[in-house]
Amino acid sequence: MGAGRTKGRVGRVDVQGTVAAGWEPVKDAFLRNFEQRGERGAAVAVHRDGAKVVDLWAGSRDVDGTAPWTESTAQVVRSATKGVAAAVPLLLHQRGLLDPDAPVATYWPEFKAAGKDRVTVRQLLAHRAGVPVLDRPLTLAEAVDLPTATGAIAAQAPVWEPGTAHGYHAHTFSWLLSGLVHRVTGRTIGRWVAEEITGPLGLDLWIGLPDAEAHRVGRLGPVEEIDPPGGGALKLRPKRSVSEAYKDPDSLTRRAFGVIEPQPDENDPVYRAAELPGSAGVATARALARFYAATLGPVDGADRLFAPATLTLARTEESAGADRVLLVGTRFGLGHMLHGPASPLLGPSSFGHPGRGGSLGFADPESGIAFGYVTNGMRKTVTADPRAQALVRAVRSVVDLT
């Protein structure tokens, strides 16, 4: 299946890149996102069985339209970073360095404070540790300082009995995972990812953006909530209880998303340079897709990341049902979000992670699909952005025919 160079125009938007024969529906869906869903700048990439079949980009690298998106443009991908970071504990387990069923305190003694002595690594990764909030929010300077932030999360008392329920650790996941990885490996998680994953695979993906790459990164911003006339997009209006929870300063929902105060500017170089594996990764769509392709098998001569047993572990459900933070039904494995109504991926075998406001990356072992989508236009969606979902549906339509 050969890939050809493509160029199209939607209004004033040039669409560039490559699409393999048979994958044109993904290009069409990408175009419609600009025509009908308010897309300003974005890229999408798809691999199948290790081969790149879609690599498209269009629009402006800054949401206000000041510069064109180019082949090398990267963006902050928010919680899509979690999907990459979740590979680290899985690989440490694969190498015999981390036991998912051991107490976190085995590796990180300070973590046993305030009733967390029996919290296991498995519970921590599956959003079951009960620490999605901090009693005192951190400033940005505190949040990006590893000893300060991991010290705060280690001292925090759980808000539910660990292991008895799950709730999305939207920001605290950064410090939970950072603290664990640092104590197991002696390296920060950003350095570990660079040395063990992104470097060997040649990925334009960073947890902690280097100064030398800052010129490639566009600016995020809000975009108008536009959906196609006559339907065709997921109905994503939040339930009243969810909307009220986001407005209530005392709710777990509001507190989980407000653990850094004031709210950080994601375009701030300090934020982008921070090693926050739950929220501040920077990537191209091409890098996200290639990363997930490497979890499934070899890519362009590079060794696969996950052994078969690790791949099985990545897609195994650890948490499901009512989420105490997001207030909808969610499914998690050991750090990855799994396919379900709140976060539709390609199918039951899919694992990955969305980024609040748009970005998405995932792998689907049954079909051999690896997917990456990056945007600078932030919507209010948390787990199922209509633009990403339109692209996923287009991928599914091709897979169903082949």
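Residues numbered from 1 in each chain as written. Predicted model: local features only at pLDDT ≥ 70, side-chain atom pairs only at ≥ 80, totals over all residues. Heavy atoms only, no water.

K.L.:
I'm lost on the packing of aromatic side chains in this one. Help?
P.N.:
Aromatic ring pairs are described here by two measures, namely the spacing of the ring centres and the angle between the planes. Under the definition given, this model contains eight aromatic pairs. Their ring planes at 35° and their centres at 5.1 Å tell us that W108 and F111 sit as a pair that is tilted. Just as W108 is buried, F111 falls in that class too. Consider the rings of Y246 and F257, whose centres lie 5.8 Å apart with planes at 40°: the pair is tilted. Note that Y246 is positioned in helix α9 (residues 240–247) and F257 in the loop between α10 (252–256) and α11 (269–273), a separation of eleven residues in sequence. What makes Y246 partly exposed here is its relative accessible area of 22%. (Phe/Tyr/Trp six-rings, centres within 6.5 Å; stacked < 30°, edge-to-face > 60°. Buried < 20%, exposed > 50% of the residue type's maximum accessible area, 1.4 Å probe, protein only. Helix = DSSP H or I, 4+ residues; strand = E, 2+ residues; numbered from the N terminus.)

K.L.:
What am I meant to see in the sheet that holds strand β6 (residues 205–206) here?
P.N.:
Picture the strands of a sheet paired through backbone hydrogen bonds; they go either parallel or antiparallel. Judged by pairing direction, the sheet is antiparallel, and its three strands sit side by side in the order β5-β8-β6 without closing on themselves. The two strands at the open ends of the sheet, each matched to only one other strand, are β5 (75–76) and β6. Across two bridges, β6 lies against strand β8 (residues 282–283) in antiparallel orientation. Bridging across to β8, L205 finds its partner in A283. (Pairing = 2+ DSSP bridges.)

K.L.:
What am I meant to see in the pairing of strand β10 (residues 329–332) here?
P.N.:
Residues in a regular strand point their side chains to alternate faces of the sheet. Burial of β10 is one-sided: the residues T330 and F332 facing one way are buried, the residues G329 and R331 facing the other way are not. Once strand β9 (residues 319–322) ends, the chain turns through six residues before running back antiparallel as β10, passing L327 with a positive phi of about 65°.

K.L.:
How do you make sense of the pattern of salt bridges when you look at a structure like this?
P.N.:
Side chains that differ in charge, positive against negative, can pair when their charged atoms come close. Applying the stated rule across the entire model yields 21 salt bridges. Here K52 and D55 are joined by a salt bridge, their closest N and O atoms 3.2 Å apart. With relative accessibility at 5%, the residue D55 sits in the buried group. The partner of D55 in a salt bridge is R286, with the nearest N and O atoms 2.8 Å apart. Taken together, the positions of D55 in strand β4 (residues 51–59) and R286 in helix α12 (residues 285–296) put the pair 231 residues apart, joining distant regions of the chain. By sharing partners, the salt bridges in this structure join R95, R187, R191, E195 and E196 into a single network. (Salt bridge = Lys/Arg side-chain N within 4 Å of Asp/Glu carboxyl O.)

K.L.:
Quick question: what am I supposed to make of unusual backbone geometry here?
P.N.:
Negative phi is the rule for most residues except glycine; trans is the rule for most peptide bonds. Of the consecutive residues E261 and P262, the connecting peptide bond is found in the cis state with omega at -5°. Even without being a glycine, L327 presents a positive backbone phi close to 65°.

K.L.:
What am I meant to see in the packing of helix α3 (residues 87–94) against helix α8 (residues 189–201) here?
P.N.:
Two quantities define a packed helix pair, namely the angle between the helix axes and the distance between the axes. In the contact formed by α3 and α8, the axes pass within 11 Å of each other and the chain directions differ by 65°. Note on packing geometry: the crossing formed by α3 with α8 is left-handed. Counting all contacts with α3, which are made through A87, V88, L91 and L92, the residues of α8 involved are I189, W192, V193 and I197. Residue composition of the contact of α3 with α8, grouped by class: eight nonpolar, no polar and no charged. (Axes fitted to C-alpha atoms, helices over the stretch in contact; angles between N-to-C directions. Left-handed = near helix turned anticlockwise from the far one by under 90°. Contact = heavy atoms within 4.5 Å. Nonpolar A, V, L, I, M, F, W, Y, C, P; charged D, E, K, R; others polar.)

K.L.:
What's the story with the nonpolar core in this structure? I'm lost.
P.N.:
As a rule of thumb, nonpolar side chains are buried together in soluble globular proteins. Counting 75 residues, the largest nonpolar core has W175, I197 and F306 as the members making the most contacts within it. Top element by residues in this core is α12. It accounts for nine residues. Among all residues touching W175, those that are not within four sequence positions of it are W108, L134, L138, A143, A149, T150, I153, V259, I260 and L276. Listed in part, the 31 residues of the second largest apolar core include F34, V54, A58 and V398. (Core = buried A, V, L, I, M, F, W, Y, C linked by side-chain atoms within 4.5 Å.)

K.L.:
Looking at this model, I keep getting lost on helix α7 (residues 172–185). Mind explaining?
P.N.:
An α-helix turns once per 3.6 residues; consequently, residues spaced three or four apart project the same way. Taking 1.5 Å of rise per residue, 14 residues should cover 20 Å, and α7 covers 20 Å from first to last C-alpha, within 8% of that figure. What α7 keeps buried is the set T172, F173, S174, W175, L176, L177, S178, G179, L180 and V181. Buried residues along α7 sit against α2 (80–85), α3, α4 (121–125), α5 (140–143), α6 (146–155) and α8. Immediately beyond the C-terminal end of α7, within one or two residues, lies G186, with a positive phi of roughly 80°. (Expected span 1.5 Å × (residues − 1).)

K.L.:
I keep staring at helix α14 (residues 386–401) and nothing clicks. Help me out?
P.N.:
Between its first and last C-alpha atoms α14 spans 23 Å; for 16 residues at 1.5 Å apiece the expected length is 22 Å, and the two agree. Buried residues of α14: P386, R387, A388, Q389, A390, L391, V392, A394, V395, V398 and V399, and no others. On its buried face, α14 is in contact with α1 (24–36), β3 (41–48), β13 (360–364), β14 (369–375) and β15 (377–378).

K.L.:
Hey, could you run me through the pairing of β13 in this one?
P.N.:
With five of five residues buried, β13 is to be regarded as a mostly interior element. Neither face of β13 is left uncovered, since the one carrying L360, F362 and D364 and the one carrying G361 and A363 both have all their residues buried. Direction of pairing for strand β12 (residues 351–354) relative to β13: antiparallel, over a ladder of four bridges. Across the sheet, residue F351 finds its bridge partner in β13, namely A363.

Everything listed here is a matter of coordinates, which is why it stays silent on function.
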